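The chain contents come next:
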Amino acid sequence: MKQRLTILGSTGSIGTSTLDVVARHPERYEVFALSAATQVDLMLAQCAQFRPRYAVMASAAHARQLAEKIKQNDLATQVLQAPDALETIASHEQVDAVMAAIVGAAGLAPCMAAARAGKRLLLANKEALVVGGAVFMRAVRDGGATLLPIDSEHSAIFQSLPEDPATWHERVDHVLLTASGGPFRTREPASLRDVTPDEACAHPNFSMGRKISIDSATMMNKALEVIEARWLFDLAPEQIKVVIHPQQIIHSMVQFRDASIIAQLGTPDMRVPIACGLAWPERIASGAPVLDFARLAALTFEQADAARFPGLHLSWQALCAAPGTTAVLNAANEVAVDAFLQRRIRFDQIHALNLATLESVLPSDADTLQSLLALDAQARAVAQQLVLGFN
Ligand code: NAD
Ligand code: MG
């Protein structure tokens, strides 16, 4: 039986890499539904190639444009409109697996729908778990879903851990998330004041969406990943450590009680964790180049510098604060990155905005999807207001 897939965010960096892997295995996978925000032409090309039953666009205008082109091209795909349709395609009874590759908290509701419907949920959309936290994990448990990490660090940890999660607590001492350090790893902290969005998006090893590229430059990406690891592997905040490894060959590691460390290695190519999640526990070709040890110069490691990357530590602080604080941090950061990309705040003000929002919004209720979405909206409104006061 072929696995039927829904890909949320199919036009993005993870979405297109997922379709690249899927196209290599037509005997295993069938695309049931795709979704995108605004990229009508790329979505049309994906519909022509993969013939999904449904395609979902984020606005009525984009859905109309796509529907028109689908008709002109004689395709059978039915076009629907977000947000409700995202939950429909994520939980549809004919879907086996959902790739969650929307960026930001916008992906939380469809992830929850997939979790409640007991799907195999391939999670790239880290912000959904950072916002959803315990509520998200409860939905996975109650729905009987299988949650598989796609973020390369978490895929590495997942692959390095013992098979039976019941043994993790007694066997694992801590996990080590590796970080590239981004484009500003060696820059003087003071010189970061005036960097431009294009400089910040120029990641040394990967081409990714703009949000995660900025997050890599501030290391807020790693902060979000610390929070993601806390939930995925049920770790205490102090069991999660970060080490900079610029070559990105070791994708993360697990240190066991006896001081033995197991790491996962490979070339830095997101098709590896994507193929791993799609096929797990089987292994399929991903299309990624294999690691050539003869040409590998050196693997180096260093501590993250707190002056250069002040945002990193917010993750542990938020995890130790009231439930919902990680949702506030995520909302602030989404607003801050967007404001930086629009050149409304400076690079160094991203952290200042995150801090100021955390100080202004104290979560009281974070126990349901509704309350988390309300908290997300409240924190965004506060952060937007704070942006006006920056300059
Ligand atoms: P991207 O910006 O390239 O793609 C995002 C996708 O989501 C696009 O298809 C876009 O149309 C869609 N989208 C954006 N906003 C939306 C909204 N409001 N409603 C519906 N759809 C929307 O981003 P990406 O780099 O592919 O990252 C996707 C997710 O995967 C992020 O959470 C990111 O942190 C995570 N991730 C990415 C990488 C990577 O290498 N790119 C690695 C690890 C994790
Ligand atoms: Mg990652």
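Residues numbered from 1 in each chain as written. Chains lettered and ligands numbered in written order. Predicted model: local features only at pLDDT ≥ 70, side-chain atom pairs only at ≥ 80, totals over all residues. Heavy atoms only, no water.

Caption draft 1: Seen up close, the domain arrangement of the protein chain. Splitting the protein chain by domain gives domain 1 (3–149), domain 2 (152–183 + 197–268 + 288–305) and domain 3 (321–391). If you average the C-alpha positions of domain 1 and of domain 3, the two centres end up 26 Å apart. If you look at the interface, domain 1 gives twelve residues, while domain 3 gives twelve residues. Between domain 1 and domain 3, the buried area comes to about 860 Å², and carbon and sulfur atoms account for 66% of it. For domain 1, the biggest contributors to the area lost against domain 3 are Val130, Val131 and Val135; these three give 47% of the whole. Remark: the boundary between domain 1 and domain 3 carries one salt bridge. Among the ionic pairs, Arg138 bridges to Asp367, the shortest N-O distance being 3.2 Å. (Domains from an automatic or database assignment. Contact = heavy atoms within 4.5 Å. Buried area = accessible area lost by both parts, 1.4 Å probe. Salt bridge = Lys/Arg side-chain N within 4 Å of Asp/Glu carboxyl O.)

Caption draft 2: Summary view of the coordination of the magnesium ion (ligand 2). Distances from the magnesium ion (ligand 2) to its protein donors, Asp151 (OD), Glu153 (OE) and Glu225 (OE), fall at 2.1 to 2.3 Å. One chain supplies every donor to the magnesium ion (ligand 2), and in sequence these donors are spaced D-x1-E-x71-E. Here Asp151, found in the loop between strand S7 (146–149) and helix H7 (152–160), pairs with Glu225, found in helix H11 (residues 220–232); they are 74 residues apart in sequence, far enough to count as distant. Taken as a pair, Asp151 and Glu225 share a single burial class, namely buried. (Donors = N, O, S within 2.8 Å, 3.2 Å for Na, K, Ca; no water. Helix = DSSP H or I, 4+ residues; strand = E, 2+ residues; numbered from the N terminus. Buried < 20%, exposed > 50% of the residue type's maximum accessible area, 1.4 Å probe, protein only.)

Caption draft 3: A look at the sheet that holds strand S11 (residues 261–265). Strand order in the open sheet made by the four strands is S9-S8-S10-S11, with mixed pairing throughout. Two strands in the sheet have a free side with no partner beyond their single neighbour: strand S9 (240–244) and S11. Averaged over all pairs of adjacent strands, the angle between strand axes in this sheet comes to 20°, irrespective of strand direction. Alignment of strand S8 (residues 172–179) against strand S10 (residues 250–256), held across four bridges, turns out to be antiparallel. Within S10, the residue paired with Val175 across the bridge is Val254. (Pairing = 2+ DSSP bridges. Axes fitted to C-alpha atoms, helices over the stretch in contact; angles between N-to-C directions.)

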